[in-house]
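Analysis of the macromolecular model
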Amino acid sequence: MAGHEIPEPADRKQVADPMSDLQAAEETRPSCDPAFRHGVVVGFDGSTSSERALAYAIGMSRRTGSGLIIVHVANRLPTTVWAGCEPPVFVDVPDHRTEVLGLELACADYLSEIPWVLVERGGDICHELEEVGREYSADAIVVGSTHGIVGRIFGSVAGRLARRAQRPVVVIP
């Protein structure tokens, strides 16, 4: 019916408000310290490979005069490991390793010259590193390469991250 307009009922409730969904998403997003905007994100788990990546990221952060965002991704295990059930549901496993890594980093002399923060996340390593990079508007993500059969079979974190990241990825051998 061209030219005719059907009025909305006065008691009609709006099901979804796109603006409120956007505002709710912004409110749930963790706030980031502005001092670390455009910093360098580095994945760190205490391994030799991640220590080399951290050393490179420290130098990169020092050269660019930016902050360093050190990310530790905690373990998540499928519930099938615990209950023997079929659905691939993931459970967060308490990971005290982040606390230990944080204490080691706090005592490290090589981090005294630059501003840094340790961020703990849980989930897929590639996704979480990219998410932290997006939240902090990072200039680069630095990761260590994987050496071993597991990385060759399932694909390394560095390789998967380099293929899907929206910002430069530096892979340290």
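What you see is a predicted model; the values in this text were computed from it and never measured.

**Describing the packing of helix α5 (residues 125-135) against helix α7 (residues 157-164)**
Two numbers describe how α5 lies on α7: the axes approach to 9 Å, and their chain directions differ by 50 degrees. One element, α5, and the other, α7, form an angle in the oblique class. In terms of crossing hand, the pair formed by α5 and α7 is right-handed. Between α5 and α7, the residues in contact are Ile125, Cys126, His127, Leu129 and Glu130 and Val157, Arg160, Leu161 and Arg164, respectively.

**A few points about α7**
Within the sequence span of α7, burial applies to Val157, Ala158 and Leu161. Seen along its axis, α7 keeps its buried residues to an arc of 95 degrees; they face one direction. For α7, the secondary structure elements touched by its buried residues are α5, β6 (140-144) and β7 (169-172).

**Considering the environment of valine 171**
Positionally, valine 171 belongs in strand β7. Given the relative accessible area of 36%, valine 171 is considered partly exposed. For the pair valine 171 and valine 143, spaced 28 residues apart in sequence, the C-alpha separation works out to 5.2 Å. Not counting the four nearest positions on each side in its chain, valine 171 is found in contact with Val143, Ser145 and Ala158.

**Quick word on the pattern of salt bridges**
Counted under the stated rule, the structure contains seven salt bridges. Residues glutamate 113 and arginine 62 are paired through a salt bridge, measuring 3.2 Å at the closest nitrogen-oxygen approach. Placement of the pair is glutamate 113 in the loop between α4 (97-107) and β5 (116-122) and arginine 62 in helix α2 (residues 48-64), with a sequence separation of 51 residues. On the basis of relative accessibility, which here comes to 59%, the residue glutamate 113 falls in the exposed class. On the basis of relative accessibility, which here comes to 41%, the residue arginine 62 falls in the partly exposed class. Linking aspartate 124 and arginine 164 is a salt bridge whose minimum nitrogen-to-oxygen distance equals 3.8 Å. Highlighted residues: aspartate 124 in the loop between β5 and α5 and arginine 164 in helix α7, separated in sequence by 40 residues. The exposure class assigned to aspartate 124 is partly exposed, which follows from its relative accessible area of 33%. Accessibility expressed as a relative area gives 39% for arginine 164, which makes it partly exposed. A cluster of three or more residues bridged by salt bridges with shared partners is formed by Arg121, Glu128 and Glu135.

**Some words on the environment of isoleucine 69**
Tracing the backbone through its elements, the reader meets isoleucine 69 in strand β2 (residues 68-74). We classify isoleucine 69 as buried; its relative accessible area is 0%. A sequence separation of 72 residues divides isoleucine 69 from isoleucine 141, and the C-alpha atoms of the two residues are 9.4 Å apart. Each residue touching isoleucine 69, except ones within four places of it in the same chain, is listed here: Phe36, Gly39, Val40, Val41, Val42, Val117, Val119, Val132 and Tyr136.

Cut-offs applied
Residues numbered from 1 in each chain as written. Predicted model: local features only at pLDDT ≥ 70, side-chain atom pairs only at ≥ 80, totals over all residues. Heavy atoms only, no water. Axes fitted to C-alpha atoms, helices over the stretch in contact; angles between N-to-C directions. Helix = DSSP H or I, 4+ residues; strand = E, 2+ residues; numbered from the N terminus. Parallel < 35°, antiparallel > 145°, perpendicular 65-115°, else oblique. Left-handed = near helix turned anticlockwise from the far one by under 90°. Contact = heavy atoms within 4.5 Å. Buried < 20%, exposed > 50% of the residue type's maximum accessible area, 1.4 Å probe, protein only. Arc of directions from axis to C-beta. Salt bridge = Lys/Arg side-chain N within 4 Å of Asp/Glu carboxyl O.

So yeah, pure geometry; function would need other evidence.
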